[in-house]
Amino acid sequence: MAGLTPEPETPRVLDPITGDGTLIDDPAVRPPLVLGNHSFHDITEIVCGYAENKPGRWWLPAFGVASSIAGMGGLFILYLVITGIGTWGLNNQVDWAWDITNFVFWIGIGHAGTLISAILCLLKQKWRTSINRAAEAMTIFAVICAATFPGIHVGRQWMAWMLFPIPNSNQIWPNFRSPLLWDVFAVSTYGTVSALFWYMGMIPDFATLRDRACLALKRNPDGPTLLPFIPLRVAKLRGLVYGFLAMGWRFSSRHWQTYERAYLILAGISTPLVLSVHSIVSFDFATSVIPGWHATIFPPYFVAGAIFGGFAMVLLLMIPSRELFPNMKDLITLRHLENMAKITLVTGMMVGFAYSMEFFIAWYGGNVYELDAFINRATGPYWWAYWTMISCNVLSPQVYWFKRMRTNPLVIFIVSAFITVGMWFERFVIIVTSLHRAFLPAEWGMFFPTPIDICIFVGSCGVFLTLFLLFLRFLPVFAMSELKAVLPQASPHYHPPAPPVDGTQAAHAQKRGHGE
């Protein structure tokens, strides 16, 4: 279980029709959500094993590369603060440029986590149990990366506190009519609620890890120390840390009752956030008078695009994880991947519909400036970015119409990578192509990113991957109680199979059947 045995995991032979046994189309048969005939104890050993045992040989090199990239991004941010935002490629024509593109991109990435955790929880979708914890973690890490860019693009970063309504001697108050201030409240609320939702769901698992660490310390008081010159036992440190995070959880009936009630309340609070946060982000553009931005379709368009890109990122992270971690294929099955691929296909078609409606509204509205802005997107100097967006976001998900494609992890991984690239280009196209052609030809200009722009964005990707690798290493990746709840033996009508009998027992049974 999860590294407790040295032999490699036995490869599973996939059925051409049902795959790993979960791709069953018969409505009279309920496909399993967890494979391997695992018991409750097995689930505990597998999930705790990811945090307790040494990771595979791949983890440390991957963490070293990701943290190095994150450190490089931090150095370039420090250089930006010292030198000024003139090191960026922004100019008077395209003054939002690369940093706001990255901000909207990262905010969109975090939406799938709240959708999986909150909305699917309220809809009683049990297949969410294997992916909700990782998706919630991805939400927190994406919000952290997104919050970096508004903080550094203001120029005088030490004055960023003035965004908040704090009384001061200069009587300088934020402009509450500005959508940029709405972002401050929306993103901070979204990050706070998502963090509470994520942390509260892990409290029972933290208690399990705490108790296992204490038991390991009792069994082996002379276990390994943290470092040769630090006599602190690893098991004791784990017990202290997980015990602090467990907040006194004792698995009592009252604890579970309060937990279930609070989890449902947070799911209800988080559901409107999925719709409101990215709608408010879209108001940054929709409330302006810039051609290409001033459109009422932006709020639903941005929400659909955020869910689209968020699910692609979940697949992009979890497909390699299920290949690298032992027994994870039993918990994240092909049915999970297919369901997420279907959601990606639906939201991708919604995004493609929004792309076409933008052109229709510009033509039907009779505004020559609006129509020219969209024609310029498709045929102007940034045509390559526009058609990259269309190819990645609209064309690549169409392969999911074929069951063989949407159940192939390699195909899903490649399409998810294309979608992630395409969603970044969508934000780039919206921001840059609408600004580089102003009302007066004398104000026209081009935007070219500098190495500082590129390295800071790459550094944010490094921060995201570093945090996700730490999550995989030290925190419970799956909700153990929810996984156990979907096992067959959790049903009150479950009857365990009869134990196998040898030849002697069979003979006695036969005699008893004849009355002998």
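Bear in mind that the values here come from a model prediction, so they are computed numbers and not experimental data. (Residues numbered from 1 in each chain as written. Predicted model: local features only at pLDDT ≥ 70, side-chain atom pairs only at ≥ 80, totals over all residues. Heavy atoms only, no water.)

**Student:** Could you give an account of the pattern of salt bridges, naming the residues involved and the relevant values?
**Tutor:** Overall, the coordinates contain 13 salt bridges when judged by the stated rule. The closest approach of N and O atoms between Arg406 and Glu338, which form a salt bridge, is 3.0 Å. Note that Arg406 is positioned in helix H14 (residues 403-406) and Glu338 in helix H11 (residues 334-365), a separation of 68 residues in sequence. For Glu338, a relative accessible area of 1% gives the class buried. Connected through shared salt-bridge partners, Asp25, Arg335, Glu338, Lys342, Lys403 and Arg406 make up one network. (Salt bridge = Lys/Arg side-chain N within 4 Å of Asp/Glu carboxyl O. Helix = DSSP H or I, 4+ residues; strand = E, 2+ residues; numbered from the N terminus. Buried < 20%, exposed > 50% of the residue type's maximum accessible area, 1.4 Å probe, protein only.)

**Student:** Now, about the pairing of strand S2 (residues 230-233): what can you tell me, with residues and values included?
**Tutor:** Relative to S2, strand S1 (residues 225-227) is paired through 2 bridges, and the arrangement is antiparallel. Bridging from a neighbouring strand, Leu227 pairs with Ile230 of S2. Count of turn residues in the S1/S2 antiparallel hairpin: 2 residues. (Pairing = 2+ DSSP bridges.)

**Student:** Account for the packing of aromatic side chains, naming residues and giving values.
**Tutor:** Under the definition given, this model contains 47 aromatic pairs. Seen from their ring centres, Phe298 and Phe302 are 5.2 Å apart, and the 25 degrees between their planes marks the pair as stacked. Note that Phe298 and Phe302 are positioned in helix H9 (residues 298-324) at a spacing of 4 residues, about one turn of the helix. A relative accessible area of 0% means that Phe298 is categorised as buried. (Phe/Tyr/Trp six-rings, centres within 6.5 Å; stacked < 30°, edge-to-face > 60°.)

**Student:** For the packing of H9 against helix H15 (residues 409-435), give the residues involved together with the corresponding values.
**Tutor:** How two helices pack is summed up by the angle between their axes together with the distance between the axes. Look at H9 against H15: their axes get within 8 Å of each other, and the N-to-C directions meet at 145 degrees. When you trace H9 past H15, the crossing you get is left-handed. Per-class residue counts for the contact of H9 with H15 are 18 nonpolar, 4 polar and 3 charged. (Axes fitted to C-alpha atoms, helices over the stretch in contact; angles between N-to-C directions. Left-handed = near helix turned anticlockwise from the far one by under 90°. Nonpolar A, V, L, I, M, F, W, Y, C, P; charged D, E, K, R; others polar.)

**Student:** Quick one: what's the story with the nonpolar core, residue by residue and with numbers?
**Tutor:** Trp106, Phe298, Tyr301, Phe464, Phe471 and Phe478 are the most contacted members of the largest nonpolar core, which totals 134 residues. In terms of residue count, H9 provides more of this core than any other element does, 16 residues in total. Excluding anything up to four places from it in sequence, Phe298 contacts Ser282, Phe285, Ala286, Gly292, Trp293, Glu358 and Ile430. (Core = buried A, V, L, I, M, F, W, Y, C linked by side-chain atoms within 4.5 Å. Contact = heavy atoms within 4.5 Å.)

**Student:** An account of the packing of H11 against helix H13 (residues 383-395) is requested, with residue identities and associated values reported.
**Tutor:** Between H11 and H13, the shortest axis-to-axis distance is 9 Å and the interhelical angle comes to 145 degrees. Every residue of H13 that contacts H11 at Gly348, Gly352, Tyr355 and Phe359 is listed here: Tyr386, Met389, Ile390, Asn393 and Val394. Of the residues assigned to the contact of H11 with H13, the class counts are 6 nonpolar, 3 polar and no charged.

**Student:** So what's going on with the side chain of Arg473? Residues and values would help.
**Tutor:** Among the secondary structure elements, Arg473 is positioned in helix H16 (residues 451-474). In this structure, Arg473 is buried with no salt-bridge partner, the nearest side chain bearing the opposite charge being Glu52 at 9.2 Å. Of the polar contacts made by the side chain of Arg473, one reaches the backbone oxygen of Ala51; its length is 3.1 Å. Aside from chain neighbours lying at most four places away, what touches Arg473 is Tyr50, Ala51, Asn53, Lys54, Pro55 and Trp59. (Lys, Arg positive; Asp, Glu negative; His and termini not counted. Polar contact = N/O pair within 3.5 Å; in protein donor to acceptor, adjacent residues only side chain to side chain.)

**Student:** I'd like a description of unusual backbone geometry, backed by residues and values.
**Tutor:** Positive phi outside glycine occurs at Met247, with the angle close to 55 degrees. Position of Met247 relative to the elements: it lies in the loop between helix H7 (234-246) and helix H8 (253-286). The class for Met247 is exposed, based on a relative accessible area of 59%. In the Ramachandran plot, Phe251 falls in the positive-phi region, its phi being about 60 degrees despite a non-glycine side chain. Positionally, Phe251 belongs in the loop between H7 and H8. With relative accessibility at 33%, the residue Phe251 sits in the partly exposed group.

**Student:** Any chance you could break down H11 for me, citing the residues and the numbers?
**Tutor:** Here H11 spans 46 Å end to end across 32 residues, near enough to the 46 Å set by a 1.5 Å rise per residue. Among the residues trailing H11, Gly366 stands out with phi positive, at a value near 75 degrees. (Expected span 1.5 Å × (residues − 1).)

**Student:** An account of the side chain of Thr347 is requested, with residue identities and associated values reported.
**Tutor:** Note that Thr347 resides in helix H11. Within the structure, Thr347 has its side chain in polar contact with the backbone oxygen of Thr344 (distance 3.2 Å). In this structure, Thr347 is in contact with Ala304, Ile307 and Phe308, ignoring residues within four places of it in sequence.

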